[in-house]
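Chains, contacts and geometry: an overview
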Amino acid sequence: MSNKVAVLPGDGIGVEVIAETVKVLKVAKPDLEFEEALVGGAAYDDCGQPLPQSTLDLCRASDAVLLGAVGGPKWDKLPAQLRPEIGALLPLRAELELFANVRPAKVLRSLLNASPLKNTGGTIDLVVVRELTGGIYFGHRERQDNGNTAIDTCKYSRFEIERIAEVAISVARRRNHQITSVDKHNVLETSRLWREVVDEMAANNQDVKVTHMLVDNCAMQLIRDPLQFDVILTENMFGDILSDEASMLTGSLGLLPSASLGSSRNGRTFGLYEPVHGSAPDIAGQGRANPLAAILSGAMMLKYTFADDSGAERIEAAVDSVLEDGLRTADVFEKGSRLVTTSEIGDAIVAKLAG
Ligand code: IPM
Ligand code: MG
């Protein structure tokens with residue numbers, strides 16, 4: 001079986017954080033093969049396309065994709081279809097059929113002080129499972145009335161809901177067996193179908209406890225009592241918003257990993273792994289970026305694509321351990337800790353893994 005990883009560093013700090021991640025993965029799992037390609041603004045500058053065909057072909061020929069970040073002010077004025085976010089990120093998701101976005105929001109014990117909820121007596125540990133290739137993001141769009149009326153359509157099929165609910169169920173089985181399915185079924189027809197399908201799946205998977213919550217209530221409950229959540233299952237746009245909200249509860253947005261999963265091929269779950277943070281052009285190239293979100297995304301890759309849970313846990317433990325030692329990049333620096341650069345913290349993690 002091949003162990004091929006397509007590496008797409010992208011723009012800004014994406015380049016630096018992915019370099020550290022590859023360094024760590026090479027030690028954690030020496031049988032991985034890496035091949036690099038351009039994406040985003042870097043690809044646009046090279047060939048006029050934010051997602052070149054050769055990059056897409058490399059992703060298709062790989063078992064997993066490791067992505068840094070795309071975008072930056074340099075490309076903000078391009079027409080929408082050529083901008084890195086719309087021209088690279090959304091087509092990558094669609095073309096590779098990455099329908100399941102898994103975004104854990106977890107407070108690392110050593111960074112508890114950064115969380116606005118540090119006095120609640122527990123640490124947040126929840127996962128948002130967001131449907132990623134359907135709904136209003138990919139529905140029909142139109143302008144009418146000489147451009148003065150705009151339409152975006154939200155559409156979901158039973159098949160799309162079933163397959164994302166299956167992912168949520170399997171994620172919940174690795175955790176506390178509890179799913180909160182989030183919708184707006186008092187208003188939206190897509191939400192009523194969503195609830196119907198999720199209920200049927202729940203009836204067939206009774207080891208997992210499924211409850212429903214309206215999205216506005218969920219936004220409120222995340223602030224009021226985030227410890228009540230294990231897995232939040234939701235559609236594309238609600239998941240976009242709730243995953244940002246949940247991530248901020250940890251106080252360290254820059255530390256969160258994510259996975260966008262497709263279906264299985266050759267017995268493996270194909271996935272694209274990327275830090276939740278963006279390309280941070282203001283600090284790019286200065287060795288100030290925090291590579292931990294990217295490195296933890298690498299750990300998710302070992303877990304979800306390569307079924308190497310122990311490799312993933314070793315990386316997570318090494319990350320915890322360098323933080324316990326007091327090493328901090330500038331974004332999470334606090335008095336009494338030791339300020340280190342992007343590659344210094346990467347080296348420290350490699351040393352933990354090797355030692
Ligand atoms: C995300 C981002 C993207 C999204 C944007 C950049 C298109 O916010 O990955 O959450 O809305 O999906
Ligand atoms: Mg978002």
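Rules behind the numbers
- Residues numbered from 1 in each chain as written.
- Chains lettered and ligands numbered in written order.
- Predicted model: local features only at pLDDT ≥ 70, side-chain atom pairs only at ≥ 80, totals over all residues.
- Heavy atoms only, no water.
- Axes fitted to C-alpha atoms, helices over the stretch in contact; angles between N-to-C directions.
- Helix = DSSP H or I, 4+ residues; strand = E, 2+ residues; numbered from the N terminus.
- Parallel < 35°, antiparallel > 145°, perpendicular 65-115°, else oblique.
- Contact = heavy atoms within 4.5 Å.
- Nonpolar A, V, L, I, M, F, W, Y, C, P; charged D, E, K, R; others polar.
- Near = heavy atom within 4 Å.
- Polar contact = N/O pair within 3.5 Å; in protein donor to acceptor, adjacent residues only side chain to side chain.
- Areas by Shrake-Rupley, 256 points an atom, 1.4 Å probe, with all protein chains shown as cover.
- Domains from an automatic or database assignment.
- Buried area = accessible area lost by both parts, 1.4 Å probe.
- Salt bridge = Lys/Arg side-chain N within 4 Å of Asp/Glu carboxyl O.
- Left-handed = near helix turned anticlockwise from the far one by under 90°.
- Expected span 1.5 Å × (residues − 1).
- Buried < 20%, exposed > 50% of the residue type's maximum accessible area, 1.4 Å probe, protein only.
- Pairing = 2+ DSSP bridges.
- Right-handed = clockwise from strand over helix to strand, strands pointing away.

What follows covers the packing of helix H7 (residues 215–224) against helix H8 (residues 236–249). Put simply, H7 and H8 touch, their axes get as near as 10 Å, and they point 10° apart. The orientation of H7 with respect to H8, classified from their angle, is roughly parallel. In this structure, H7 uses Val-215, Cys-218, Ala-219, Leu-222 and Ile-223 to contact H8, whose residues at the interface are Phe-238, Leu-242, Glu-245, Ala-246 and Leu-249. Here the contact of H7 with H8 is built from residues that sort into nine nonpolar, no polar and one charged.

Now for the site of ligand 1. Inspection of the region around ligand 1 gives Arg-93, Arg-103, Arg-130, Tyr-137 and Asp-240 as its neighbouring residues. A distance of 2.8 Å is found between an oxygen atom of ligand 1 and a side-chain nitrogen or oxygen belonging to Arg-103. Tyr-137 is positioned such that a nitrogen or oxygen atom in its side chain is 2.4 Å from an oxygen atom of ligand 1. For ligand 1, whose accessible area on its own is 320 Å², the fraction buried by protein is 70%. Here the residues of the shell around ligand 1 sort into one nonpolar, no polar and four charged.

Now for the domain arrangement of the protein. Parsing the protein into structural domains produces domain 1 (1–99 + 253–355) and domain 2 (125–248). Taking the mean C-alpha position of each, domain 1 and domain 2 sit 25 Å from one another. Carbon and sulfur atoms make up 67% of the area that domain 1 and domain 2 hide from each other, which totals about 1,200 Å². At the surface where domain 1 touches domain 2, the tally comes to one salt bridge. Our count for the contact surface shared by domain 1 and domain 2 stands at one residue pair in polar contact (both at pLDDT 80 or more).

This paragraph deals with the packing of helix H5 (residues 158–173) against helix H6 (residues 189–204). At their nearest, the axes of H5 and H6 sit 9 Å apart, and the two run at 50° to each other. Taken together, the axes of H5 and H6 are oblique relative to one another. Handedness of the H5/H6 crossing: right-handed. Between H5 and H6, the contacting residues are Arg-158, Ile-161, Glu-162, Ile-164, Ala-165, Glu-166 and Ile-169 on the first element and Leu-193, Trp-194, Glu-196, Val-197, Val-198, Glu-200 and Met-201 on the second.

What follows deals with H8. Over its 14 residues, H8 extends 20 Å from the first C-alpha to the last, a length consistent with the 20 Å expected when each residue adds 1.5 Å. Those residues of H8 not exposed but buried are Asn-236, Phe-238, Gly-239, Leu-242, Ser-243, Glu-245, Ala-246, Ser-247 and Leu-249. As for H8, its buried residues are in contact with strand E4 (100–106), strand E5 (125–131), strand E8 (178–183), H6, H7 and strand E10 (231–234). In this structure Glu-235 caps H8, since a side-chain oxygen of it lies 2.7 Å from the backbone nitrogen of Met-237. Looking one or two residues past H8, Gly-251 carries a phi angle of roughly 80°, positive in sign.

Through backbone hydrogen bonds, the strands of a sheet pair up, either in parallel or in antiparallel fashion. Pairing within the open sheet is mixed, and its ten strands lie in the order E2-E1-E3-E12-E11-E4-E5-E10-E8-E9. Only two strands of the sheet have a single partner each, and these edge strands are strand E2 (33–36) and strand E9 (209–214). Sheet twist, expressed as the average angle between the axes of neighbouring strands with direction ignored, equals 20°. Alignment of strand E11 (residues 257–265) against strand E12 (residues 268–275), held across seven bridges, turns out to be antiparallel. Counterpart to Ala-259 in the pairing with E12 is Tyr-273. Each of E5, E8, E9 and E10 touches H7; the most contacted strand, E9, lies at about 100° to it. Those strands touched by H8 are E4, E5, E8 and E10, and its axis lies near 160° from that of E5.

What follows covers the pairing of strand E1 (residues 4–10). Most of E1 is tucked away: seven of the seven residues are buried. A two-sided burial pattern is seen for E1, the buried positions comprising Lys-4, Ala-6, Leu-8 and Gly-10 on one face and Val-5, Val-7 and Pro-9 on the other. Looking at chain direction, E1 and E2 are connected through four bridges and run parallel. What sits directly across from Ala-6, in E2, is Glu-35. The parallel pair E1 and E2, bridged by helix H1 (residues 14–28), forms a crossover whose chirality is right-handed. Direction of pairing for E1 relative to strand E3 (residues 64–69): parallel, over a ladder of five bridges. Residue pairing in the sheet places Val-7 in a bridge with Leu-66 of E3.

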